[in-house]
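Residue strings, one per chain:
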Amino acid sequence: MRFDTKIGIVVREDLAVWQKLNVTAFLASAVAGGAENVIGRPYADGSGNTYLAMIRQPVLIYAAGAEELTRTHNRALSRGLDTAVYIEEMFKTGNDDDNRAAVLAVPADDLSLVGLAVYGPRNAIDKTLKGLPLHP
């Protein structure tokens, strides 16, 4: 199935593996919680157990350096795409309120991005992520 929308997550390539996974999970949750019609229906197995619903379309994960993340962030903002950010300072906080405060304390051009997620029309996302390799 081909979707009219696309989800892309970009993670800074020099992070520790646990950080990459953590950033990816947080950014995917932002898309799931903030964009309409992204979540599918709940699952059930043949034994009658039920499971939580998931994002209904593929999520593509890209690798980038710090400069590429900044460029991608600027592209996403200039196109008005639904965007989520994860900054370095968020590794030092322990809750959502402190995470929000860390982002709020820094102007957009100075964010120390370690990851971002974008969601929107397929063509706009493709242009925003152009040149980034898929994460290995």
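Located above this text is the structure these notes cover.
Residues numbered from 1 in each chain as written. Predicted model: local features only at pLDDT ≥ 70, side-chain atom pairs only at ≥ 80, totals over all residues. Heavy atoms only, no water.

Chemist: I would appreciate a short explanation of the sheet that holds strand β5 (residues 82-87) in the present structure.
Modeler: Strands belonging to one sheet form pairs held by backbone hydrogen bonds; the direction of such a pair is parallel or antiparallel. Strands sit in the order β4-β1-β6-β5 across an open sheet of four strands; the sheet is mixed. The two strands at the open ends of the sheet, each matched to only one other strand, are β4 (59-64) and β5. On average, adjacent strands in this sheet sit at an angle of 15 degrees to one another, irrespective of strand direction. Pairing of strand β1 (residues 5-12) with strand β6 (residues 113-121) involves seven bridges; the strand directions are antiparallel. Directly across from Val 11, in β6, lies its bridge partner Gly 115. Helix-sheet contacts for helix α1 (residues 17-34) involve β1, β4, β5 and β6, and the interaxial angle to β1 is about 150 degrees. Most of the contacts of helix α2 (residues 66-78) go to β6, to which it runs at about 35 degrees, and overall it touches β1, β4, β5 and β6. (Pairing = 2+ DSSP bridges. Helix = DSSP H or I, 4+ residues; strand = E, 2+ residues; numbered from the N terminus. Axes fitted to C-alpha atoms, helices over the stretch in contact; angles between N-to-C directions. Contact = heavy atoms within 4.5 Å.)

Chemist: Would you mind showing me how to read a nonpolar patch on the surface here?
Modeler: Where nonpolar side chains cluster on the molecular surface, the patch consists of Tyr 43, Tyr 51 and Met 54 and spans about 330 Å² of accessible area. Under the relative-accessibility criterion, Met 54 is labelled partly exposed at 47%. (Patch = residues over 30% accessible without salt bridge, like charges linked within 9 Å, V, L, I, M, F, W, Y side chains within 5 Å. Areas by Shrake-Rupley, 256 points an atom, 1.4 Å probe, with all protein chains shown as cover. Salt bridge = Lys/Arg side-chain N within 4 Å of Asp/Glu carboxyl O. Buried < 20%, exposed > 50% of the residue type's maximum accessible area, 1.4 Å probe, protein only.)

Chemist: I tried to follow the packing of aromatic side chains on my own but got confused; where do I start?
Modeler: Given two aromatic rings, their pairing is described by the distance between the two centres and the angle made by the two planes. Enumeration according to the criterion identifies three aromatic pairs in this entry. Judged by centre distance (5.9 Å) and plane angle (65 degrees), the rings of Trp 18 and Phe 91 are edge-to-face. Placement of the pair is Trp 18 in helix α1 and Phe 91 in the loop between β5 and α3 (96-104), with a sequence separation of 73 residues. For the pair Tyr 86 and Phe 91, a centre-to-centre distance of 5.3 Å together with 50 degrees between the ring planes defines the contact as tilted. You can call Tyr 86 buried: its relative accessible area is 4%. On the basis of relative accessibility, which here comes to 21%, the residue Phe 91 falls in the partly exposed class. (Phe/Tyr/Trp six-rings, centres within 6.5 Å; stacked < 30°, edge-to-face > 60°.)

Chemist: What is the right way to read the side chain of His 73 from this model?
Modeler: Positionally, His 73 belongs in helix α2. When its relative accessible area of 4% is taken as the criterion, His 73 is described as buried.

Chemist: Hey, could you run me through the nonpolar core in this one?
Modeler: Looking at soluble globular proteins, one finds that nonpolar side chains tend to be buried together. Counting 32 residues, the largest nonpolar core has Val 10, Val 23, Leu 27 and Leu 129 as the members making the most contacts within it. Where this core is concerned, the elements lending two or more residues are β1, α1, β4, α2, β5, β6 and α4 (122-128). With six residues, β6 is the single largest residue contributor to this core. With sequence-adjacent residues up to four places away left out, Val 10 is seen in contact with Leu 27, Tyr 62, Ala 64, Leu 69, Thr 72, Val 114, Gly 115, Leu 116, Leu 129 and Leu 132. (Core = buried A, V, L, I, M, F, W, Y, C linked by side-chain atoms within 4.5 Å.)

Chemist: Explain the pattern of salt bridges to me, please; I cannot follow it from the model alone.
Modeler: Side chains that differ in charge, positive against negative, can pair when their charged atoms come close. Per the counting criterion, the structure on display carries five salt bridges. One salt bridge connects Asp 14 with Arg 12, and the closest N-O pair in it is separated by 2.6 Å. Overall, the relative accessible area of 56% leaves Asp 14 in the exposed class. Residue Arg 12 is classed as buried on the basis of its relative accessible area of 13%.

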